[in-house]
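# Structure at a glance
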Amino acid sequence: MGATSNICDYATEAPRITSSSSSISDVPYSRLTVQTSLSLPEMTPRIIELCKELFKNWSKQDDSCFHVETVSGGITNLLLKVSVKAESGDTESVTVRLYGPNTDYVINRERELHAIKYLSAAGFGAKLLAVFANGMVQSFINARTLVPADMRIPNLAAQIAKELHRFHQVEIPGSKEPQLWNDIFKFYEKASVLEFVDGEKQKKYRTISFTEIHDELVELKELTGRLNSPVVYAHNDLLCGNIMANDEQGKLHFIDFEYGSYNYRGFDIGNHFNEYAGYDCDYSLYPGKDEQYHFFKHYLQPDKPHMVSVKDLEALYVETNAYMLASHIFWALWALIQAKMSPIDFDYLEYFFLRYNEFKKQKGGCLSLAQSFLQGS
């Protein structure tokens, strides 16, 4: 990680968060917003102003001492690296994460900020340094972001499995009720009553049978409930872009916990396997049974993967692939809401059909597998 000790001398006049979450009351807060629609050169002066307000040690630095660059820009967030050359000659860096416009419709920011403190203490992600009106500032992690092909490399897959095992051991104070079905049905309620100004979008939207989707949800919830998947604190969005690796140190970092919640173990693993498809959504890349078993061995017994029983592997295989279906519907409904709310240039409506069609394609085999397993049990 980048240097943070000097940066953490916060601006004493920064207003504090008036949130009910005590876990974020000890970090500085700014009411400033940064428009994500701006180009990087247009955005830079505002980013510098923000950092000067938040961090006392940077408040008197000349603007020429700051360097702002884009780290990554996904379909929900924009990540920036801000570096400052101090008088000593050392360079300090932080990451500024800008929330995508209207993402509060699908993300519980209070839940995210509450969890970050405890996840950081357990060694996950970057340290939370400050919060502002439409984003947060975190310590800079000196590592590369994985690409989809990385997740198929056996050694890296084993590392991810071990790290996910450790992640699932973290205790976050508060309710431990799994949020999957609460979130999915909330998405369903919002997604089923949309109206689009664009005539072509509205025409395409009207082809969706929400009665069919509701029936699918009810059936899937009933079946997965019989699998008794353990409830853990789950990442819920463990795609390659949310995993970083420092190859020299041999260390992995999970980042971006905005969808994190207590949830079913099988969902977190199944969702991760869906992300093997990469940004091109090539679901032929979904891991086969041998690849999954390799992952499961290192997840279930990180220190003795060879000791995992066949019975335990089979059970987790069934659990994961049933919840994989829930992952497709979750992100399909999420995409419909984004299609209406997000100004980002991305075809969310088409993404809905891609995920929902993949759900329907995989449903028969996965449900049959689960039903056979339950009958055998």
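Residues numbered from 1 in each chain as written. Predicted model: local features only at pLDDT ≥ 70, side-chain atom pairs only at ≥ 80, totals over all residues. Heavy atoms only, no water.

In this section: the overall build of the protein. Regarding its fold elements, the protein presents 10 helices and 11 strands. In terms of overall size, the protein behaves like a compact globule, its C-alpha atoms giving a radius of gyration of 22 Å where 377 residues would be expected to give roughly 21 Å. For the protein, the C-alpha atoms occupy an extent of roughly 70 × 55 × 35 Å along the three principal directions. With 377 residues in all, the protein has 54% of them scored as buried. Element-wise, carbon and sulfur atoms account for 49% of the exposed surface of the protein, whose accessible area totals about 17200 Å². Averaging the positions of the 37 positive and the 48 negative side-chain charges in the protein gives two centres separated by 3 Å. (Helix = DSSP H or I, 4+ residues; strand = E, 2+ residues; numbered from the N terminus. Rg over C-alpha atoms; globule rule 2.2 N^0.38 Å. Buried < 20%, exposed > 50% of the residue type's maximum accessible area, 1.4 Å probe, protein only. Areas by Shrake-Rupley, 256 points an atom, 1.4 Å probe, with all protein chains shown as cover. Lys, Arg positive; Asp, Glu negative; His and termini not counted. Charge placed at Lys NZ, Arg CZ, Asp CG, Glu CD.)

Going through the model one piece at a time under the given rule, you end up with 18 salt bridges. Between R109 and E258 there is a salt bridge, with the nearest N and O atoms lying 2.9 Å from each other. One end of the pair, R109, is in helix α2 (residues 109-121); the other, E258, is in the loop between β10 (251-254) and β11 (261-264), with 149 residues separating them in the sequence. Taking relative accessible area as the criterion, E258 reaches 3% and is therefore assigned buried. (Salt bridge = Lys/Arg side-chain N within 4 Å of Asp/Glu carboxyl O.)

Now for the confidence of the model for the protein. Predicted confidence across the protein gives a mean pLDDT of 91, with 93% of residues reaching 70 or more. In this model residues 1-22 is a low-confidence stretch, pLDDT under 50, and it forms 53 contacts with partners more than four residues away in sequence or in other chains. (pLDDT = per-residue confidence, 0-100. Contact = heavy atoms within 4.5 Å.)

The topology assignment puts D256 in the loop between β10 and β11. Excluding residues that lie within four positions of it along the chain, D256 makes contacts with R97, H235 and N242.

With 8 of 9 residues buried, strand β4 (residues 91-99) lies mostly within the body of the structure. Here strand β3 (residues 77-85) runs beside β4; their pairing, made up of 9 bridges, is antiparallel. Residue L79 lies in a different strand from β4, and its bridge partner there is R97. Between β3 and β4, which pair antiparallel in sequence order, lie 5 residues; one of them, G89, sits at a positive phi of approximately 100°. Alignment of β4 against strand β6 (residues 135-139), held across 5 bridges, turns out to be antiparallel. Directly across from R97, in β6, lies its bridge partner M136. (Pairing = 2+ DSSP bridges.)

Bringing the nonpolar core into the picture now. The biggest cluster of nonpolar side chains holds 93 residues, and the ones touching the most others in it are F295, L333 and L336. Ranked by residues supplied to this core, first place goes to helix α9 (residues 310-341) with 19 residues. Those residues within four positions of L336 in sequence are excluded, and the remaining contacts are A191, L194, F196, Y205, I208, F210, L349 and F352. Listed in part, the 23 residues of the second largest apolar core include I47, L50, L80 and L129. (Core = buried A, V, L, I, M, F, W, Y, C linked by side-chain atoms within 4.5 Å.)

Moving on, we come to the packing of aromatic side chains. In this structure the tally under the stated criterion is 31 aromatic pairs. Their ring planes at 65° and their centres at 5.4 Å tell us that F196 and Y205 sit as a pair that is edge-to-face. Note on F196: relative accessible area 10%, which makes it buried. Y205 sits in the buried class, given a relative accessible area of 6%. (Phe/Tyr/Trp six-rings, centres within 6.5 Å; stacked < 30°, edge-to-face > 60°.)

The strand order across the open sheet formed by 3 strands is β7-β9-β10, and the pairing between neighbours is antiparallel. The open sheet has two edge strands with one neighbour each: β7 (144-145) and β10. Bridge count for strand β9 (residues 243-246) against β10 is 4 bridges, and the pairing is antiparallel. Considered in β10, the bridge of I243 is made with F254. Of the strands in this sheet, β7, β9 and β10 touch helix α3 (residues 154-167), which is tilted by about 50° from β10. (Axes fitted to C-alpha atoms, helices over the stretch in contact; angles between N-to-C directions.)

We now examine the environment of S372. Mapped onto the elements, S372 comes out in helix α10 (residues 348-376). Classification of S372 by relative accessible area gives partly exposed; the value is 44%.

To continue, consider the state of the cysteines. Overall, the coordinates contain 0 disulfides when judged by the stated rule. The thiol of C240 is not disulfide-bonded; the next cysteine sulfur, from C281, is found 11 Å away. (Disulfide = S-S within 2.5 Å.)

Here helix α8 (residues 289-300) spans 16 Å end to end across 12 residues, near enough to the 16 Å set by a 1.5 Å rise per residue. Those residues of α8 that fall on the buried side of the exposure criterion are Q292, Y293, F295, F296, H298 and Y299. As for α8, its buried residues are in contact with α3, α7 (265-274) and α9. (Expected span 1.5 Å × (residues − 1).)

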